[in-house]
Amino acid sequence: MPCDKILLFDGRFFTALGVPGDMAIGDVFTVDGCSELHYVDTGMYDTAEYGAVYILDTDRPALIDTGIGTRYENILDALDEVGIAREELSYILPTHAHLDHAGGTGYLAEACPNATVLTHEIGVPHLIDPERLVAGTKAAVESQWEYYAEPKPVPEDRIEGLSDGDEIDCGNHTLAVHHAPGHAPHQVMFHDRANDALFTGDAAGIWIPSIETIRQTSPPSNFDLEACLADIETIREIDPDVLCFGHFGPREYDEALLDEYERILEEWVADIQNARAELGDDEAVIERFVERSEMAEAWSERKASAEERLNVRGVLAYLDQQ
């Protein structure tokens with residue numbers, strides 16, 4: 001397996017089997033078995049092992065994803081630690097325009113004056129003028145908005161749009177772009193062919209290393225079950241060695257993991273559809289799933305409840321469109 005060890009920024013060590021050990025909080029770690037690839041835990045939502053940003057230390061260095069804007073200085077510190085001068089960064093690559101992946105883009109672009117922002121063409125206008133994106137995010141995340149920084153607009157001359165089939169030249173690495181619209185129409189995955197590592201954004205769900213669990217992500221307003229299942233099939237076709245989750249961290253690719261995520265998604269939507277038919281009230285449906293959440297074991301009670309609300313609301317919106 002290419003990544004038999006995984007080093008985590010939040011202060012723990014995991015082998016591919018998820019066995020913890022003691023490490024120092026605040027360090028930057030490499031993805032073992034993957035050339036020139038590092039990542040940091042951004043401390044998103046004040047929750048460890050939730051938000052990852054990847055650093056590709058190539059001839060033309062790249063950041064993959066940017067966090068929610070808060071604590072973006074940690075990402076800049078990570079560049080310093082890896083040895084990439086801010087003027088040397090070539091690319092800032094949000095996998096999609098949701099602010100937990102793109103909220104720090106404007107801050108990082110300002111700090112790294114020679115970096116070009118590349119994201120799916122649908123997302124480009126939202127990062128140039130984030131007003132609608134902010135309004136939609138506030139409606140989606142509700143009380144979690146307090147964790148976000150107001151995003152800075154990306155200058156129009158600093159950003160370019162991507163589409164399926166594009167390639168990003170990082171010098172000694174090439175990133176192939178794959179559209180993955182199930183989670184959001186502006187989502188792409190980046191395949192680092194040299195490492196055979198796939199940066200999945202949210203297309204492969206949420207990986208929780210502390211309890212070795214894969215979990216659904218189905219936020220409003222663009223979650224689409226059929227498109228999500230198609231995205232899983234795209235990952236199968238790429239057949240990478242390593243999956244680099246935005247939430248959270250790298251993991252060796254396993255066909256069974258994708259099979260499990262496919263099953264989870266289908267059952268998740270079916271369970272919410274059945275609960276709506278039974279209860280006849282969407283708020284009651286949301287509360288049922290919030291009360292049943294078991295994720296406080298991995299995250300805080302508040303974060304677990306907020307995630308449940310967000311993801312149930314996304315499925316309810318999807319069902320309204322069927």
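Residues numbered from 1 in each chain as written. Predicted model: local features only at pLDDT ≥ 70, side-chain atom pairs only at ≥ 80, totals over all residues. Heavy atoms only, no water.

**Description of the packing of helix α6 (residues 225-238) against helix α7 (residues 255-279)**
Contact geometry of α6 with α7 gives a least axis separation of 11 Å together with a crossing angle of 175°. The pairing of α6 with α7 is recorded here as roughly antiparallel in orientation. In this structure, α6 uses Leu225, Cys228, Leu229, Ile232, Ile235 and Arg236 to contact α7, whose residues at the interface are Glu255, Leu258, Asp259, Tyr261, Glu262, Leu265, Glu266 and Val269. Tallied by class, residues from the contact of α6 with α7 come to nine nonpolar, no polar and five charged. (Axes fitted to C-alpha atoms, helices over the stretch in contact; angles between N-to-C directions. Helix = DSSP H or I, 4+ residues; strand = E, 2+ residues; numbered from the N terminus. Parallel < 35°, antiparallel > 145°, perpendicular 65-115°, else oblique. Contact = heavy atoms within 4.5 Å. Nonpolar A, V, L, I, M, F, W, Y, C, P; charged D, E, K, R; others polar.)

**Things to note about the confidence of the model for the protein**
Of all residues in the protein, 92% have pLDDT values of 70 or greater, and the mean over the chain is 90. Predicted confidence is poor over residues 1-25, with pLDDT under 50, and the contacts of this stretch with residues over four places away or in other chains come to 70 contacts. (pLDDT = per-residue confidence, 0-100.)

**Things to note about the sheet that holds strand β8 (residues 116-120)**
Spatially, β3-β4-β5-β6-β7-β8-β9 is the arrangement adopted by the seven strands of the open sheet, whose pairing is mixed. The strands lining the two open edges of the sheet, one partner per strand, are β3 (29-30) and β9 (159-162). The strands that helix α1 (residues 72-82) touches are β4 (37-41), β5 (52-56) and β6 (62-64); relative to β5, the one it contacts most, it runs at about 30°. (Pairing = 2+ DSSP bridges.)

**Topic: the UniProt feature "domain: Metallo-beta-lactamase" (unreviewed entry) in the protein**
Here the UniProt feature "domain: Metallo-beta-lactamase" (unreviewed entry) sits at residues 50-247. Note that residues 50-247 is 26% helix and 25% strand, and that its end C-alpha atoms are spaced 5 Å apart. (UniProt positions renumbered as here; feature names shortened; annotations may be inferred.)

**Comments concerning the sheet that holds strand β16 (residues 242-245)**
Sheet architecture is open: six strands sit in the order β10-β11-β12-β13-β16-β17, paired in mixed fashion. Each of the sheet's edge strands pairs with one partner strand only, and the pair in question is β10 (167-169) and β17 (249-252). Shown here is a sheet whose adjacent strand axes are inclined to one another by a mean of 25°, direction ignored. When strand β13 (residues 197-201) meets β16, the two strands line up parallel, connected through four bridges. Bridging across to β16, Ala197 finds its partner in Val242. The sheet strands contacting α6 are β11 (174-179), β12 (188-192), β13 and β16, and the helix crosses β12 at an angle near 10°.

**Describing α7**
Helix length check: α7 (25 residues) gives 36 Å between terminal C-alpha atoms against 36 Å at 1.5 Å per residue, within 8%. Residues of α7 that are buried include every one of Leu257, Leu258, Tyr261, Ile264, Leu265, Trp268, Val269, Ile272 and Ala275, and no others. Two or three places before Ala256, at the start of α7, stands the capping residue Asp254, its side-chain oxygen 2.9 Å from that residue's backbone nitrogen. One or two residues past the end of α7 sits Gly280, with phi positive at roughly 70°. (Expected span 1.5 Å × (residues − 1). Buried < 20%, exposed > 50% of the residue type's maximum accessible area, 1.4 Å probe, protein only. Polar contact = N/O pair within 3.5 Å; in protein donor to acceptor, adjacent residues only side chain to side chain.)

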